[in-house]
Amino acid sequence: MSVFNQPRKRVIQLIFLGMVALIVSRLFFLQVVETKYSKLADANAHLRKVIYPSRGIIYDRKGRSVMRNEALYDLMVTPRNVKNIDTAYLCEVLSITREEFIKRIANARMKEGPVRPSVFASLLTPETYGKLQESMYMFQPGFELVLRPVRSYTYGAGAHILGYISEISPSMLADSSGRFSAYQQGDYIGRTGLENTYESILMGQRGIQYLVKDNLNRPQGPLENGEFDTAAVAGKNLRLALDIDLQVLGEAMMKGKVGSIVAIDPQTGGILAMVSGPTFDPNLLSGSFRSQNYNKLYLDTTKPFFNRAVQAAYPPGSTFKPITGLVALDEGVVTPDFGFPCSGGYGLCGRYIRCTHHNPGHAANMRTAMANSCNSYFMHLYRLSVDSKKWGGVVNGQAKWTSYLNLMGLGRRLGIDIPGEVRGVVPDTARMNYVYRGSWNSCSEVYVGMGQGQLILTPLQMANAMCIIANRGYYYIPHFVQSIDNDNSALLNKYKQKVSVAEHISDEAFSSVILGMEDVVTKGTARGAQIEGVEVCGKTGTAENKARIDGKVVQLKDHSLFVGFAPRDNPKIAIAVIVENAGFGSTYAVPIASILMEKYLTDTISAKRMPIVQKMMETTTMSKEMQAKSKIDSLNNMFITSTERDVLLRKILSK
Amino acid sequence: MNRPQAKLTAGIDWPIFGMYLALVFIGFMAIFAAEYRDGDNVIQNLLSQNKNWARQVLWFGVSMVLALGIWLTDSKFFTATANLLYAFGILLLLVVLAIGTGVKGSNSWLELGGFRFQPAEFTKLCTNLALAKYLSSMETDFTKMRSRLIAAAMVLFPFGLIILQDETGLALVYFCFFLVMFREGLPGILLVIAFSAIILVLSALLVDKFILLYIFTGVAALVIYFMRREIRRKRSRLAMIIGVWAFCAAFVMVIVPFAFTSGKVLKDYQVRRIEVMLGKENDPKATYNTRQSMIAIGSGGFWGKGYLKGTQTRLDFVPEQSTDFIFCTVGEDFGFFGSILFLGLYVALLFRIIFIAERQRSTFSRVYAYGVASIIFFHLAINISMTIGLAPVIGIPLPLVSYGGSSLMTFTMLIFIMLRLDADRQMVLR
């Protein structure tokens, strides 16, 4: 029977073969002809993971780390693995409610899905971490602690200098110039201060690791044993000119005051201390409560984010007189022997401008005029400078005068290595034309000779001007970073170049200004600045300031100013101190500056001056309204690191 | 019983037995590759039976016991109990309809003391035996319409019951028995009609129905023109042509749109699977399975990525990878070359079964063997077509290779009954 059915057997065999041939031809197309599938498989299975290097550490001039990396922990949750745990206990440790627990789990599920870990509680406080670590076995495998390096400010000081890092913003990521092309969403970037300026140095070089992932994007291990990986390179460390002792001491003395301190080493331009009061504990912006603290600080009445040392400009008042003198000497319009017959006021400009002294001979020459801070003398010097026949008219004279000040770094940005610096104002011809509608002469702004009127400078500029005088004619661009570990780049070169400004001035002329400033300290208004065994030069200032309140110009309480340097020969420190609305220069600015100079030069504070330090630390000069609404003090006391600061402070004060 | 008592293996067809073992072994290796992760403790997994490959070893053991049992059974037992088994199979299908347990949308599983069992797999065996029994009986004259209808009914009854369990894939396999019936004398025209029907369905889905209507009308007109002399002689020819035309038109215009949109004939997901296969659906969710499966096989290239090196299967991108999509592992790890060898093994098995079928003296044994070949062929064709995007996603296992106890045991029984019958091919069985 089977014989008859042979053809049918053939048909069935043909059907089998036909189907298999169809499958084989399809396989040939899929596996041999088409190449996209292997790419698709790789795209499926490979995960590119960025490895973050540790950020560079920042040291002060004595090698103490002022900013370092601290290991904090995030509690991560993988919702699917959360099974049979003591929820109540976990809630208790984290001090959250049961509802909050459920909400966070739901959030995690929504954000990353049930099988990938996401943050349940970020940057745990050390106490919480300690408690959790002990009992972690109870919550695994659903919960895991993951290390998260965080910037830690050792002494809780130097907030404005060091700056902070935070997550990169969407607008930065959208920036088309490609500056941020190396960053991804969620990356941290330096926002202010040195963290911002030296971002590229501190961040190091990211590594890339290729991982194999599964269908739920869970990493399963390295690809090809890490053959294609690039290693991460740690960020480089910065070594600052900053002296953390001075910084902490300065911040302590500026407590309760509005104003700033800038101290520079004139021989290098390195900044020894820069305080803007009120300041804040930078640790507030690192760690668990960043965003809450940021909002509180941002809204605080004392505006703690405002770095008054480089962002605020003040009328320099009498502290400007040495500059007026120098310009006049350099232009050659006067000699150090030039005298002015002041008898208690200046009347050559059609109105009588009072001087604090009226005894004859108090402005017999540059030195005495400086020592007595004669208003008339320096106003007259200004007029002589701009009206000099050399320039052929006051317009050119004013332009020349402005360019002198610009050379000294006044009225322009100095180029310090933290962002946000402002120019200040030096009245150039354009400004004069604008203010006086095109018609003005040397009398219009005669006040600038004594540091008032259309002239405002930043504390940094005032301190830098002191460097010029201390160095007798040159300065280095003020900067924080002295060196970068293992770095040969040209980044710091501009801070190593001497900038000469007053080349025509003889040493004799300089001496008359400097000796006048020394007289101010030995027998003038800045007697409080005397330090035993050190020849200190300085100049106080009491700057009038007016503000427009409700449309009316109101005379506010004067700013207290002091500028100076020491020692007179071979100067080591130049300083500018401003305390807003605190009255005479000698009351606050002088003692604060003097204590800092003493500390820096002798590394100690003499016992008899301890009460002054105490007084400075305890006195509040900011207005009652401002103080009442401000929460800055309570915020600053939140941190454990503030105890480390207190330890250092106590050590400084105990010597 | 004329086989020597001394030799247990006397009369066994070694090629089939060898290919059977080879396929089960390949299956085990593929399941292992789909599941094994670096660092797994193989011994522990095997002992604790917490992996599919470990359980497959157990199922293989059980299957071997079954095979031994079958081998020791008298061939007459199968002819004698064929109808009884068929009745039992139908009963199981009815029971499962009533109390079945759901697994992934179909209610085709029975739970027996922790073990799950799919009667639809088992009834293939029963139907094959019963069909062989019917076609080989003295009273059956397969040239008669009545016999053909009875045979068709024997196949379509379990088919209907399985459709009711929502196991479309398993049900479709029952059409393989028409191949057997074709071998036993069903007119060849039926194959042509079946083939045309498939073409008709596909074109109805792919081509606009109005264009199809014009084509049908044009073809009908041409046929009438060329057959005008014949039609003049026999008027009924015209009626037939118009009848076919009318059926095609109705099918394209009414039946297919109704089936695909009403939700009453085809389930929503079935419609989508078919559309995925035809390339009409681009929703990544709906195409995920097929897409990942094609990526897995396609990325294998000519030589494959090497055993245990496939990223698609090892990293769980391919769904159901130890059961329905087991071929992905072969395709990815061993490439085109390995796939050809793998398919070659199946073809060799199928041809060997046909060879065995044709050497039988009893119609029962021949029909039964053809049934085995057809069942394996349908499973193979549908399963592999599904993994490479030629067929919609239909969940049926790859014979002897896919993980699954019901499937492995059923195919083992199918093959070993055939081997038993073949060993006794000198006997005339009815």
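Since the model is a prediction, treat every value here as computed from it, not as a measurement.

Rules of the game
Counting restarts for each chain, with residues numbered from 1 along the sequence as it is written. Whichever chain is written first becomes A and whichever ligand is written first becomes 1, with later ones labelled in order. Selection of residues for local features in this predicted model requires a pLDDT of at least 70, selection of side-chain atom pairs for listing and counting requires 80 or more, and totals for whole chains, interfaces and linings are taken over all residues. The helix count covers DSSP runs of H or I at least four residues long, the strand count covers runs of E at least two residues long, and both are numbered beginning at the N terminus. In this scheme the burial state of a residue depends on its C-beta neighbours within 10 Å: 20 or more other such atoms mean buried, 12 or fewer mean exposed, and anything in between means partly exposed; the C-beta positions come from the backbone. The contact criterion used is a C-beta to C-beta distance within 7 Å, with each C-beta placed from the backbone. UniProt positions are given in the numbering used here, feature names are shortened, and annotations may be inferred rather than shown by experiment. Classification used: nonpolar for Ala, Val, Leu, Ile, Met, Phe, Trp, Tyr, Cys and Pro, charged for Asp, Glu, Lys and Arg, polar for all others including Gly. By our criterion, buried Ala, Val, Leu, Ile, Met, Phe, Trp, Tyr and Cys residues that link up through C-beta atoms within 7 Å make up a nonpolar core. A fitted line through C-alpha atoms represents every axis, and for helices the fit uses only the stretch in contact; the resulting angles, taken between N-to-C directions, go from 0 to 180 degrees. Here is the rule for angles: anything less than 35 degrees is roughly parallel, anything more than 145 is roughly antiparallel, 65 through 115 is roughly perpendicular, and the remaining ranges are oblique. When the near helix sits turned anticlockwise from the far one by under a right angle, the crossing is termed left-handed; a clockwise turn instead gives a right-handed crossing. Confidence per residue, as judged by the predictor, is encoded in pLDDT with a range of 0 to 100. Being paired, for any two strands, means DSSP has found at least two bridges between them.

Engineer: Mind laying out the overall build of chain B, listing which residues take part and the relevant values?
Structural biologist: Scanning chain B from terminus to terminus reveals 18 helices and three strands. Residue burial in chain B is summarised as follows: out of 430 residues, 44% are buried. Sequence separation of at least 24 residues holds for 70% of the intrachain contacts in chain B that already meet a minimum separation of 6.

Engineer: Got a sec to walk through the overall build of chain A? Specific residues and values, please.
Structural biologist: Each helix and strand counted, chain A has 24 helices and 20 strands in total. Within chain A, residue pairs in contact and separated by at least 24 positions form 73% of the contacts whose partners lie at least 6 positions apart.

Engineer: Any chance you could break down the UniProt feature "transmembrane region" (unreviewed entry) in chain A for me, citing the residues and the numbers?
Structural biologist: Taking the numbering used here, the UniProt-annotated feature "transmembrane region" (unreviewed entry) corresponds to residues 12-30 of chain A. Split by type, residues 12-30 of chain A is 100% helix and 0% strand. Its first and last C-alpha atoms lie 27 Å apart.

Engineer: Talk me through the environment of B:W109; I want residue IDs and the actual numbers.
Structural biologist: Residue and element names in this part refer to chain B. Position of W109 among the secondary structure elements: in strand β2 (residues 106-112). Taking the C-beta count within 10 Å as the criterion, W109 has 21 such neighbours and is therefore assigned buried. Along the primary structure W109 and L93 are separated by 16 residues, whereas in three dimensions their C-alpha atoms are 9.6 Å apart.

Engineer: Please set out the interface of chain A and chain B residue by residue, giving values where relevant.
Structural biologist: Facing the 29 residues of chain A at the interface are 34 residues of chain B. Residue assignment for the side of chain A that touches chain B shows that the elements contributing at least two residues are α1 (6-33), α2 (36-45) and β8 (207-213) of chain A. The biggest single contributor to the side of chain A that touches chain B is α1(A), with 15 residues. Its residues assigned to classes, the side of chain A that touches chain B shows 15 nonpolar, eight polar and six charged.

Engineer: Lay out the nonpolar core in plain terms, naming residues and giving numbers.
Structural biologist: By size, the foremost hydrophobic cluster in this structure holds 145 residues, and its most contacted members are A:V262, A:A263, A:A463, A:M466, A:I575, A:V577 and A:L596. In terms of residue count, helix α18 (residues 459-471) of chain A provides more of this core than any other element does, nine residues in total. In this structure, A:M466 is in contact with A:V563, A:G564, A:F565, A:A574, A:I575 and A:A576, ignoring residues within four places of it in sequence. Counting residues in each nonpolar core, the second largest holds 115 residues, with B:L23, B:A82, B:Y86 and B:I295 among its members.

Engineer: I'd like a description of the environment of A:T268, backed by residues and values.
Structural biologist: Residues and elements named next belong to chain A. Mapped onto the secondary structure, T268 falls in the loop between β11 (259-265) and β12 (270-277). A tally of 16 C-beta atoms within 10 Å means that T268 is categorised as partly exposed. Remark: the alpha-carbon pair of T268 and Y476, spanning 208 residues in sequence, is separated by 6.1 Å. Once residues lying within four places of it in the same chain are set aside, the contact partners of T268 are A241 and Y476.

Engineer: Which residues make up the packing of helix α4 (residues 75-99) of chain B against helix α6 (residues 145-164) of chain B, and what values go with them?
Structural biologist: Residue and element names in this part refer to chain B. Packing of α4 against α6 leaves a shortest axis separation of 10 Å and a crossing angle of 20 degrees. The angle between α4 and α6 falls in the class roughly parallel. With respect to the hand of their crossing, α4 and α6 are arranged in left-handed fashion. Taken together, the residues of α6 that come into contact with α4 (itself represented by G89, I90, L93, L94 and L97) are F157, P158, L161, I162 and L164. The class makeup of the residues in the contact of α4 with α6 is nine nonpolar, one polar and no charged.

Engineer: Which residues make up the confidence of the model for chain B, and what are the values?
Structural biologist: Residues and elements named next belong to chain B. Averaged over chain B, the pLDDT score is 86; the fraction of residues at 70 or greater is 93%. Confidence scores differ between elements of chain B, with strand β1 (residues 101-103) showing the lowest mean pLDDT of 62 and helix α16 (residues 327-358) the highest of 95. Across the whole predicted complex the pTM is 0.64, and at the interface the ipTM reaches 0.89.

Engineer: Describe the sheet that holds strand β9 (residues 219-222) of chain A, naming the residues involved and giving the relevant values.
Structural biologist: Residues and elements named next belong to chain A. The three strands are arranged β1-β8-β9 in an open sheet whose pairing can be described as antiparallel. Because the sheet does not close on itself, it has two edges, and the strands there are β1 (46-51) and β9. The mean angle between the axes of side-by-side strands here comes to 45 degrees, regardless of whether they run parallel or antiparallel.

Engineer: Lay out the sheet that holds strand β20 (residues 573-579) of chain A in plain terms, naming residues and giving numbers.
Structural biologist: Each strand in a sheet pairs with another by means of backbone hydrogen bonds, the pair being arranged parallel or else antiparallel. All names here are of chain A. Taken in spatial order, the five strands of this open sheet run β12-β11-β20-β19-β18, and their pairing is antiparallel. At either margin of the open sheet sits one strand with a lone partner, and together these are β12 and β18 (537-549). The sheet shows a mean angle of 10 degrees between the axes of neighbouring strands, direction not considered. Pairing between β11 and β12: seven bridges, direction antiparallel. If you follow I261 over to β12, its bridge partner there is V275. Packed onto the sheet, helix α20 (residues 589-602) meets β11, β12, β18, β19 (552-566) and β20 and runs at close to 150 degrees relative to β20.

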